[in-house]
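The lines below spell out each chain.
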Amino acid sequence: MTERLLNETEMYRLANALRALAHPLRYHMLCLLSRGEMNLQHLARAVHTSHSNAAQHLALLQAQGLVMMRKATTKVYYRLADRRTLELLAQSRQVLV
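Computed from a prediction, not measured in an experiment: that's the story for all the values here.

K.L.:
So what about the pattern of salt bridges? Which residues, and what values?
P.N.:
The tally for this structure, following the rule as stated, stands at two salt bridges. One salt bridge connects Arg70 with Glu37, and the closest N-O pair in it is separated by 2.8 Å. Here Arg70, found in strand β2 (residues 67–72), pairs with Glu37, found in the loop between α2 (24–33) and β1 (38–39); they are 33 residues apart in sequence, far enough to count as distant. In this structure Arg70 comes out as partly exposed when scored by relative accessible area, which is 35%.

Right, here's the structure in full:
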């Protein structure tokens, strides 16, 4: 398999996205979101952190294009932006654990 080399912009974008994945709490959130959409309160509770801390981590994941957010009345819901992220999570587990 031969792939083209990334240009400088693509390398920085990829490195930033991988950096976002590298935090255990964010990785855990992505694993939970692989099961489907969750609201902020449930995510925060599931990863044992505060609402504000979860929101900050999710904002970073959203900025990197890994999750998407939607608001419904007073709740905020998150989901994976791209289902291929599931493959990335699975591959990282197989290669690195």
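So much for the structure itself; the text now carries on.
K.L.:
I'd love a proper account of the sheet that holds strand β3 (residues 75–80), names of residues and values included.
P.N.:
In a beta sheet, neighbouring strands are held together by backbone hydrogen bonds and run either parallel or antiparallel to one another. Spatial ordering of the open sheet is given by β1-β3-β2, a layout of three strands whose pairing is antiparallel. Edge positions in the open sheet fall to β1 and β2, since each of these has one partner strand only. Strand direction decides the pairing type here: β2 and β3, joined by six bridges, are antiparallel. Across the sheet, Met69 pairs through a bridge with Tyr78, a residue of β3. This element, helix α4 (residues 51–63), spans β2 and β3 of the sheet and lies at about 120° to β2.

K.L.:
How would you summarise the layout of surface pockets if you had to cite specific residues and measurements?
P.N.:
Here the largest pocket defines a volume of roughly 550 Å³. In terms of lining residues, the largest pocket is bounded by 14 residues, among which Leu14, Leu66, Asp82, Thr85 and Leu88 are the most central. In terms of residues, the lining of the largest pocket owes the most to one element, helix α1 (residues 8–21), which gives six residues. Taken together, the residues that form the lining of the largest pocket break down as seven nonpolar, three polar and four charged. Size it by volume and the second largest pocket reaches roughly 180 Å³. Around the second largest pocket, the lining residues are Leu18, Leu21, Ala22, His23, Pro24, Tyr27, Leu88, Leu89, Ser92, Arg93, Leu96 and Val97. Taken together, the elements giving at least two residues each to the lining of the second largest pocket come down to α1, α2 and α5 (84–96). Per element, the largest residue contribution to the lining of the second largest pocket is five residues, and it comes from α5. Each residue belonging to the lining of the second largest pocket can be placed in one class, and the counts come to nine nonpolar, two polar and one charged.

Each value, and the rule that gives it
Residues numbered from 1 in each chain as written. Predicted model: local features only at pLDDT ≥ 70, side-chain atom pairs only at ≥ 80, totals over all residues. Heavy atoms only, no water. Salt bridge = Lys/Arg side-chain N within 4 Å of Asp/Glu carboxyl O. Helix = DSSP H or I, 4+ residues; strand = E, 2+ residues; numbered from the N terminus. Buried < 20%, exposed > 50% of the residue type's maximum accessible area, 1.4 Å probe, protein only. Pairing = 2+ DSSP bridges. Contact = heavy atoms within 4.5 Å. Axes fitted to C-alpha atoms, helices over the stretch in contact; angles between N-to-C directions. 1 Å grid on protein atoms, 1.4 Å probe; cavity = no way out; pocket = protein on both sides within 12 Å on 5 of 7 lines; lining within 4 Å. Points joined across faces, edges and corners; volume = space filled by probe spheres on them. Nonpolar A, V, L, I, M, F, W, Y, C, P; charged D, E, K, R; others polar.

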